[in-house]
Amino acid sequence: MRIHVMTLFPEMFFGPLGSSIIKRAQEDQKLSIQYYQIRDYSTNKHQKVDGYPYGGGSGMVMTPQPIIDAYREIRKNSSENPRTIYLSPKGKMFTQQMAMELSKEEELIFLCGHYEGVDQRVIDEIVTDEISIGDYVLTGGELPAMVMIDAVSRMIPGVLSSAEAYEDESIHSGLLEYPQYTRPPSFEGKDVPKVLLSGDHEKIRKWRRSEALRITKERRPDLFQRIELSKEDYKLLKP
Ligand code: SAM
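Here is a short report on the structure shown in this document.

About the criteria used
Residues numbered from 1 in each chain as written. Predicted model: local features only at pLDDT ≥ 70, side-chain atom pairs only at ≥ 80, totals over all residues. Heavy atoms only, no water. Buried < 20%, exposed > 50% of the residue type's maximum accessible area, 1.4 Å probe, protein only. Helix = DSSP H or I, 4+ residues; strand = E, 2+ residues; numbered from the N terminus. Pairing = 2+ DSSP bridges. Near = heavy atom within 4 Å. Polar contact = N/O pair within 3.5 Å; in protein donor to acceptor, adjacent residues only side chain to side chain. Areas by Shrake-Rupley, 256 points an atom, 1.4 Å probe, with all protein chains shown as cover. Nonpolar A, V, L, I, M, F, W, Y, C, P; charged D, E, K, R; others polar.

Moving on to the pairing of strand β1 (residues 2–7). The buried fraction of β1 amounts to 5 of the 6 residues, a majority that puts the element mostly inside the structure. The pairing of β1 with strand β2 (residues 32–37) spans 6 bridges and is classified as parallel. Bridge pairing in β2 places Val5 opposite Tyr35. Pairing of β1 with strand β6 (residues 107–111) involves 5 bridges; the strand directions are parallel. What sits directly across from His4, in β6, is Ile109.

Once that is clear, we can look at the site of the ligand. With respect to spatial proximity, 20 residues lie near the ligand, and among them Tyr86, Leu87, Glu116, Tyr136 and Leu138 are the closest. At 3.1 Å, a backbone N or O of Gly113 approaches an oxygen atom of the ligand. When the ligand sits alone it has 580 Å² of accessible area, and the protein chains cover 84% of it. For the shell around the ligand, the secondary-structure elements that each account for two or more residues are β5 (83–93) and β7 (129–132). The leading source of residues in the shell around the ligand is β5, at 5 residues. The residue inventory of the shell around the ligand, partitioned by class, reads 10 nonpolar, 8 polar and 2 charged.

The amide bond that connects Arg183 to the next residue, Pro184, takes the cis arrangement and shows omega of 0 degrees. On the secondary structure map, Pro184 appears in the loop between α6 (142–153) and β8 (186–187). Unlike most non-glycine residues, Ser20 shows phi in positive territory, near 55 degrees. When you line up the elements, Ser20 lands in helix α2 (residues 20–27). For Ser20, a relative accessible area of 58% corresponds to the exposed category. Residue Gln29 is not a glycine yet carries a positive backbone phi of 60 degrees. Its relative accessible area of 71% is what places Gln29 among the exposed residues.

This is the structure in structure tokens:
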């Protein structure tokens, strides 16, 4: 997958997306990420990228010209109509389902807003998806873009090794994940549940399922409602 990021702060991405699994994905050429400093495309003699909002109000709005020119530069060598995502608290809420869907694209373009956001004409002209990562307001679209790129990239086939597979994970499986334990079997007087040390795979499977059901019911009744419970699930849920 080829990812293009239009931002005023490319340096914010280098640490988070240059480490761990996403770094490995780029080294293995499963993923390439290119950054476009919006300011470099400004034709203003002071390289200005923002202006006062028409109609008044606080803050500044990002002007269309540098963004549209950066976008045109990206499109010179890109596929037909790549999905172009504007990160915005006004957008549709980002979900695991969307991450899965976007991971099938060959190319994605991200536009990170700053200040009070971008001129609406940019959104009307180039944006295909306006996406929010949650009901809170951040200072810029850089962190939301990183969140999305991380979530989408790990769904690209081959990015996660089988040991890191996502099928059982919280949300993706429809349930929140069961508790995980590792060595030592006893730590400061707290023991790992005996069943996990039993070697009985069927018992372990049932314990994990019942824990996942219990935790989801307690913490996320909205998710729990959507699960189709099996006869075994009803039994496992009985106190
Ligand atoms: N004035 C805007 C509003 O009320 O909708 C908020 C602008 S916010 C301070 C600056 C930029 O941060 C936005 O343009 C957007 O790119 C990004 N941003 C902030 N919160 C976000 C969220 N929850 N999800 C995605 N992007 C967000």
